[in-house]
Amino acid sequence: DMYVSQAVSALGSITVVFTGYQWWITERLGRRRALALNSFIVGVLMLIGIPQVQLTSSLNLSTLMFLLTTPFNGSCWMGSYLLVSELTPTSHRGMIMSLNLALARIGSFIGPYMILLYNVLDSWLVILIFASLPLLGGVFVVFCDDTTGRPIP
């Protein structure tokens, strides 16, 4: 049911904000490692959802895994803006943050059209595309500097 999945997704987002998960993991691991870990968790949960296993009459494994990614995806969203704003010098920060926001908007426009690929491609391939992006982002973040405890440039 679409409304149940939206409610669970909202609950996952609220969980990130009000439980302090992002703060806790950032304090323990540092910003770079926390963002990379959350990205890897999102990618792995999506990869687990590739088999089309029906759990109940209205819930399959891929839907459950995508819903479980919500808190970690929210942490990636918050962490990416924090890391980008702290890695760039003040003279370039506005331009880089605008580029970050523009790429996020392009992704939000393309995302709903990716669902249409279910009619054209096998479902495992579409999920693989969705899973490869956070894994690739996590690999890129590993090569960034950690900004925990450092002054902003």
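Residues numbered from 1 in each chain as written. Predicted model: local features only at pLDDT ≥ 70, side-chain atom pairs only at ≥ 80, totals over all residues. Heavy atoms only, no water.

S.K.: Quick question: what am I supposed to make of helix α2 (residues 21-29) here?
M.R.: A turn of α-helix holds 3.6 residues, and therefore any two residues three or four places apart point the same way. Every buried residue of α2 is accounted for by Y21, Q22, I25 and T26. For α2, the buried positions fall inside an angular range of 120 degrees around the axis, keeping them on one side. Exposed and oriented more than 90 degrees from the buried face of α2 are W23, E27 and R28. Just downstream of α2 lies G30, where phi reads positive at about 95 degrees. (Buried < 20%, exposed > 50% of the residue type's maximum accessible area, 1.4 Å probe, protein only. Helix = DSSP H or I, 4+ residues; strand = E, 2+ residues; numbered from the N terminus. Arc of directions from axis to C-beta.)

S.K.: What should I look at first to understand the packing of α2 against helix α3 (residues 31-48) in this one?
M.R.: A pair of packed helices can be characterised by two numbers: the angle between their axes and the separation between those axes. Two elements in contact, α2 and α3, have axes separated by 7 Å at closest approach and are oriented at 125 degrees. The orientation of α2 relative to α3 falls into the category oblique. At the point where α2 passes α3, the crossing takes the right-handed sense. Contacts between α2 and α3 involve Y21, Q22, I25, T26 and L29 on the former and, on the latter, R31, R33, A34, L37 and N38. For the contact of α2 with α3, the residue count by class is 5 nonpolar, 3 polar and 2 charged. (Axes fitted to C-alpha atoms, helices over the stretch in contact; angles between N-to-C directions. Parallel < 35°, antiparallel > 145°, perpendicular 65-115°, else oblique. Left-handed = near helix turned anticlockwise from the far one by under 90°. Contact = heavy atoms within 4.5 Å. Nonpolar A, V, L, I, M, F, W, Y, C, P; charged D, E, K, R; others polar.)

S.K.: Which parts of the structure should I look at to understand the environment of L121?
M.R.: Inspection of the secondary structure puts L121 in the loop between α6 (90-115) and α7 (123-142). Given the relative accessible area of 31%, L121 is considered partly exposed. Sequence separation between L121 and S75 is 46 residues, and the spatial gap between their C-alpha atoms is 30 Å.

S.K.: Sorry if this is basic, but what is going on with the nonpolar core here?
M.R.: A general trend in soluble globular proteins is that nonpolar side chains are found buried together. Residues L35, A36, V42, M46, C76, L83, A131 and V141 constitute the largest nonpolar core, which totals 8 residues. Elements represented by at least two residues in this core include exactly α3, α5 (70-87) and α7. Looking at this core, the element that brings in the most residues is α3, giving 4 residues. Leaving out residues up to four positions away in the same chain, C76 has contacts with L35, N38, S39 and V42. (Core = buried A, V, L, I, M, F, W, Y, C linked by side-chain atoms within 4.5 Å.)

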